Amino acid sequence: MANVIGHFRTITKHRHKVIKHCFKAGIGWQGLRHDLSKYSPTEFFNGVKYYDGTRSPNELERLDRGYSKAWLHHKGRNKHHFEYWNDYNPKIRKYAPVKMPLNYVIEMFCDRVAASKIYQGDKYTDSHPIEYFRRGRDARVIHQETSDMLEKLLVMLKEKGEDETFRYIKEKLKNKKDY
C-alpha cells in the first residue's frame, strides 16, 4: 500500500508542477493534459510495482525485465517526449528523429524542470536540468534542432533564471516563431 500512495503522490506532485510551468509558459491547456497516461493501468501498476521513491520506476523495470513496458506505453502517447517523434524516413530508408513542434519542446522543457525539482527536492538549482540533459547526450536519438532548442532553454534557465526563461518562451509562442 505504501508503494501505491508513494507512487501516486510522486506522479501527481510532478504533474501539478508541470501544469504550473506550462501556464507560466503560455501553454496551460496543454499542461492540463500532461502525463494523464501515467494513471492508466499499464503505467500506474508498473509504477507501483517498481516504485522506490528515489528514481523513476521505469529504470527499475528495465533492470528487471530488460525493457520498460510502462515507458513504451508512455512515450507512444505523450508528444512532449522526443522519443515519440521518430518515424520511418524513406529517403534514408530507416527510422530517424523528426523535429518536434515548438509547443511540445516547451512542454518537454517544463517536464524536465519539474522532474528535477521533484527528484532533487531542496538540493534543486536552476543548473540541474541542463546538467542532467548533458549527461544523457550520448544515449539520445533526437532531432538536432529539437535538441539545440531544448538545450538553449535549459542554458537560459541556468544563466538567467525561471522568470526570464518563461518570458522568452511566451514571447516566442506569441510571435509564432519556429526554432
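Here's a quick rundown of the structure. (Residues numbered from 1 in each chain as written. Predicted model: local features only at pLDDT ≥ 70, side-chain atom pairs only at ≥ 80, totals over all residues. Heavy atoms only, no water.)

## Concerning the pairing of strand S1 (residues 86-89)
Then, in step 1: Sheet topology places S1 next to strand S2 (residues 94-97); 4 bridges connect them, and they run antiparallel. Counterpart to aspartate 87 in the pairing with S2 is alanine 96.
Then, in step 2: Counted between consecutive antiparallel strands, the loop separating S1 from S2 contains 4 residues, among which arginine 93 sits at a positive phi close to 60°. (Pairing = 2+ DSSP bridges. Helix = DSSP H or I, 4+ residues; strand = E, 2+ residues; numbered from the N terminus.)

## Brief notes about helix H4 (residues 57-65)
Then, in step 1: Turning to H4, its buried residues number three or more, namely Pro57, Asn58, Leu60 and Glu61. Buried residues in H4, looked at end-on, bunch into an arc of 160°, giving them a common side.
Then, in step 2: In the core, the buried residues of H4 are packed alongside helix H1 (2-25), helix H3 (41-49) and helix H5 (69-75).
Then, in step 3: The positive-phi residue at the C-terminal boundary of H4 is glycine 66, with phi of around 95°. (Buried < 20%, exposed > 50% of the residue type's maximum accessible area, 1.4 Å probe, protein only. Arc of directions from axis to C-beta. Contact = heavy atoms within 4.5 Å.)

## Some thoughts on the nonpolar core
Then, in step 1: In terms of nonpolar packing, the biggest core is built from 28 residues, with Met100, Phe109 and Cys110 touching the most fellow members.
Then, in step 2: Where this core is concerned, the elements lending two or more residues are H1, helix H6 (102-120), helix H7 (128-135) and helix H8 (144-174).
Then, in step 3: The dominant element in this core, judged by the number of residues it contributes, is H6, at 9 residues.
Then, in step 4: Discounting chain neighbours no more than four positions away, the residues touching methionine 100 are Lys79, His80, His81, Phe82, Trp85, Val105, Met108, Thr146 and Tyr179. (Core = buried A, V, L, I, M, F, W, Y, C linked by side-chain atoms within 4.5 Å.)

## Some thoughts on the environment of cysteine 22
Then, in step 1: Within the element layout of this structure, cysteine 22 appears in helix H1.
Then, in step 2: Linking cysteine 22 and glutamate 107, residues 85 residues apart in sequence, is a C-alpha distance of 6.5 Å.
Then, in step 3: The contact partners of cysteine 22, leaving out residues within four places of it in the chain, are Ile27, Gly28, Gly31, Glu107 and Cys110.

## Here's the deal with the packing of H6 against H7
Then, in step 1: Put simply, H6 and H7 touch, their axes get as near as 9 Å, and they point 105° apart. With respect to each other, H6 and H7 are oriented roughly perpendicular. Contacts between H6 and H7 involve Arg112, Val113, Ser116 and Gln120 from the former and His128, Pro129, Tyr132 and Phe133 from the latter.
Then, in step 2: In terms of residue class, the contact of H6 with H7 is made up of 4 nonpolar, 3 polar and 1 charged. (Axes fitted to C-alpha atoms, helices over the stretch in contact; angles between N-to-C directions. Parallel < 35°, antiparallel > 145°, perpendicular 65-115°, else oblique. Nonpolar A, V, L, I, M, F, W, Y, C, P; charged D, E, K, R; others polar.)

## Thoughts on H1
Structural remark: α-helix, 3.6 residues per turn; residues separated by three or four positions point the same way.
Then, in step 1: Given a rise of 1.5 Å per residue, 24 residues ought to cover 34 Å, and the 34 Å separating the end C-alpha atoms of H1 matches this to within 8%.
Then, in step 2: Among the residues of H1, Gly6, His7, Ile11, Thr12, His14, Arg15, Val18, Ile19, His21, Cys22 and Ala25 are the ones counted as buried.
Then, in step 3: Where the residues of H1 are buried, they touch helix H2 (28-32), H3, H4, H6 and H8.
Then, in step 4: With its phi angle positive at about 95°, glycine 26 sits one or two positions after the end of H1. (Expected span 1.5 Å × (residues − 1).)

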